[in-house]
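For reference, the chains in residue letters:
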Amino acid sequence: MSERAYRLLLALYPSRFRDEYGAAALSLFRDRLRAERGFVAQLQLWIDMIRDTAVSLPVEYRREPLHFATSHAANGEQGLVFYQFDPEIPKRSALINGALVTIVVFIGLILFMGSAAKHAPWLIGSHHPSRSHILPARTDAIAKTELDGEIKVKPMPFEPPMSPYFRLILVLGALDTDHDNVISAAEIDNAPAALRTLDKNHDGKLSAEECGQRFGTARASMDAAFLKNAQLVFMRFHPVLAALDSNHDGEISASEIRNAAVALRLLDVNHDGKLTEDELLPLVNPKTP
Amino acid sequence: MPKSKLDPLPSAAFHILLALAEDDLHGYAIMREVAELTQGRVRLGPGTLYGSIKTLLEAELIVEVDERADGDSGGERRRYYHLTAGGRKLARVEAERLADTLRLARAKRIFRGADV
């Protein structure tokens, strides 16, 4: 058994060294094996052998750099060239032993990784049978409870784009303070204050232009009667303006501003306490004048 | 084999030359002789021993003599080695170098006690 083990060590040496001194080295080992009896002596013998191999092996390989045996194909220079470390053909038993050792090592490695993942936190990235999607990790910097804790991520706030109609009618834009395209009950209650923010000239009332009507540069060429008529049409056409301008004079007076909440509730057709776009668009709301 | 491998002379090679100074020996006998000379401090393993022997043979500091049957190992035939004149000279030079080093160490009083 010991001799066979030492033969394995000898097999690590370059072939030329084995050819010249393999038998003598084995003989020397046998001599020591015979002479050195007892557990301690045998242990010392093996320590010596392993240390000797570790020291002398690199020396022998440095002495004889690997001679690559070359083999040319049949047609000489044009053919392929094969290189091999050792000109000797390996024994069949050596090939079989090598294959068996390789298989055993791989099976052992797979079993080790499968079982050690439960107990060896340093195997980060190894397969975990129960929670394969979680990498096992251990750190003293983070409390265990934090590692097990659940992190809830608040969803990104979604702001629907402002309705073009709400953008066009400044009154609606002012009433819809949270820009969700819905005039909620609270926003209805807050309507007087919201409407007052549109009073740019601070006359206490809202003209058609302050409510969203736009004439642009054409305004200068319009006569007063046409302008007044256009304002009346604008204020009557849009349900929210028509509701707020309860006397239909083409502007929302101070009293009408104060009464805005009551006027707006008249538009709540489905009585859900809020005003949605379908209740505010012209020609949709049956209460449109 | 270039002699640069023996310059400086490795400790194992020097001990082998010393072991062969008085008699021709085979490998295992050289190992035992070295262990005895050094009171067990130097134990040459097979790899180191035969690697050094190979180097010494190539430098012609030792030569291989005819194989002989060894009585201690049941008549097994063994290769014996013989120290050449060149080997003896190199061993002497190395010993003198070490002696010089020893004198230097004494002069520097790095030793303690009166017996050195």
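**Re the overall build of chain B**
When helices and strands are tallied, chain B shows four helices and three strands. Counted from the first residue to the last, chain B has its helices and strands arranged as α-β-α-α-β-β-α. Counting the 116 residues in chain B, one finds 33% classified as buried. Put simply, of all contacts in chain B between residues at least 6 apart along the chain, 51% involve residues at least 24 apart.

**Details of the overall build of chain A**
Counting secondary structure elements, chain A contains 15 helices and two strands. Scored against the burial criterion, the 289 residues of chain A give a buried share of 19%.

**Digging into the nonpolar core**
Within the largest apolar cluster, 36 residues are counted, with the highest numbers of intra-cluster contacts made by I16(B), L17(B), L20(B) and I30(B). For this core, the secondary structure elements donating two or more residues are α1 (2–10), α2 (15–35) and α3 (39–63) of chain A together with α1 (11–19), α2 (27–37), α3 (46–58), β3 (76–83) and α4 (85–107) of chain B. Top element by residues in this core is α1(B). It accounts for six residues. Excluding its chain neighbours within four sequence positions, the residues that come into contact with I30(B) are I16(B), A19(B), L20(B), L25(B) and L49(B). Core analysis: the second largest hydrophobic core is formed by 27 residues, L172(A), I188(A), L241(A) and L275(A) among them.

**Brief notes about the environment of A21(B)**
Residue and element names in this part refer to chain B. The residue A21 is located in the loop between α1 and β1 (25–26) in this model. When the 13 C-beta atoms within 10 Å are taken as the criterion, A21 is described as partly exposed. Sequence spacing of A21 and R88 is 67 residues, and the spatial spacing of their C-alpha atoms is 7.1 Å.

**Topic: α4(B)**
Residue and element names in this part refer to chain B. Its 23 residues give α4 an end-to-end C-alpha distance of 33 Å, which sits within 8% of 33 Å, the value for a rise of 1.5 Å per residue. Every buried residue belonging to α4 is among G87, L90 and A91, and all of these are buried. Residue R109 follows α4 closely and has a positive phi angle near 55°.

**Some remarks on the interface of chain A and chain B**
Tallying the contact residues gives 18 residues for chain A and 14 residues for chain B. Broken down by secondary-structure element, the contributors of at least two residues to the side of chain A that touches chain B are α2 and α3 of chain A. Considering every element that reaches the side of chain A that touches chain B, the biggest residue donor is α3(A), with 10 residues. Of the residues contributing to the side of chain A that touches chain B, the split by class is nine nonpolar, three polar and six charged.

**Re the confidence of the model for chain B**
Residue and element names in this part refer to chain B. Of all residues in chain B, 86% have pLDDT values of 70 or greater, and the mean over the chain is 86. Element-level mean pLDDT values for chain B span from 81 in strand β2 (residues 62–70) up to 94 in α1. As a predicted assembly, this complex carries a pTM of 0.46 together with an ipTM value of 0.80.

**Considerations on α2(B)**
Among the residues making up α2(B), those that are buried are G27(B), Y28(B), A29(B), I30(B), M31(B), E33(B) and V34(B). Looking at the buried residues of α2(B), the elements they touch are α2 of chain A together with α1, β1 and α3 of chain B.

**What to know about unusual backbone geometry**
Residue and element names in this part refer to chain A. Of note, H179 is a non-glycine position whose phi angle comes to about 55°, a positive value. Considering the arrangement of structural elements, one finds H179 in the loop between α7 (170–175) and α8 (185–189). Assessed through the 13 C-beta atoms surrounding it within 10 Å, H179 is described here as partly exposed.

**Things to note about the packing of α1(B) against α3(B)**
Residue and element names in this part refer to chain B. The N-to-C vectors of α1 and α3 enclose an angle of 75°; their axes lie 9 Å apart at closest approach. In terms of their interaxial angle, α1 and α3 are classed as roughly perpendicular. Contact with α1, carried on its side by A12, A13 and I16, involves T48, S52, I53, T55 and L56 of α3 and no other residues of that element.

**So, the packing of α1(B) against α2(B)**
Residues and elements named next belong to chain B. One can describe the packing of α1 onto α2 by two numbers: an axis separation of 9 Å at closest approach and a directional angle of 100°. Viewed along their axes, α1 and α2 adopt a mutual orientation that is roughly perpendicular. The residues of α2 that touch α1, namely those facing H15, I16, L18 and A19, are I30, E33, V34 and L37. Split by residue class, the contact of α1 with α2 holds six nonpolar, one polar and one charged.

**Some words on the confidence of the model for chain A**
Summarising the model, chain A shows a mean pLDDT of 79, and 74% of its residues fall at 70 or more. Ranking the helices and strands of chain A by mean pLDDT puts α8(A) first, with 91, and strand β1 (residues 69–72) of chain A last, with 53.

**Concerning the environment of D52(A)**
Position of D52(A) relative to the elements: it lies in helix α3. For D52(A), a count of 20 C-beta atoms within 10 Å corresponds to the buried category. Apart from the residues within four sequence positions on either side, D52(A) is in contact with G45(B), P46(B), G47(B) and T48(B).

Conventions used here
- Residues numbered from 1 in each chain as written.
- Chains lettered and ligands numbered in written order.
- Predicted model: local features only at pLDDT ≥ 70, side-chain atom pairs only at ≥ 80, totals over all residues.
- Helix = DSSP H or I, 4+ residues; strand = E, 2+ residues; numbered from the N terminus.
- Buried ≥ 20, exposed ≤ 12 C-beta atoms within 10 Å, placed from the backbone.
- Contact = placed C-beta atoms within 7 Å.
- Core = buried A, V, L, I, M, F, W, Y, C linked by C-beta atoms within 7 Å.
- Expected span 1.5 Å × (residues − 1).
- Nonpolar A, V, L, I, M, F, W, Y, C, P; charged D, E, K, R; others polar.
- pLDDT = per-residue confidence, 0-100.
- Axes fitted to C-alpha atoms, helices over the stretch in contact; angles between N-to-C directions.
- Parallel < 35°, antiparallel > 145°, perpendicular 65-115°, else oblique.

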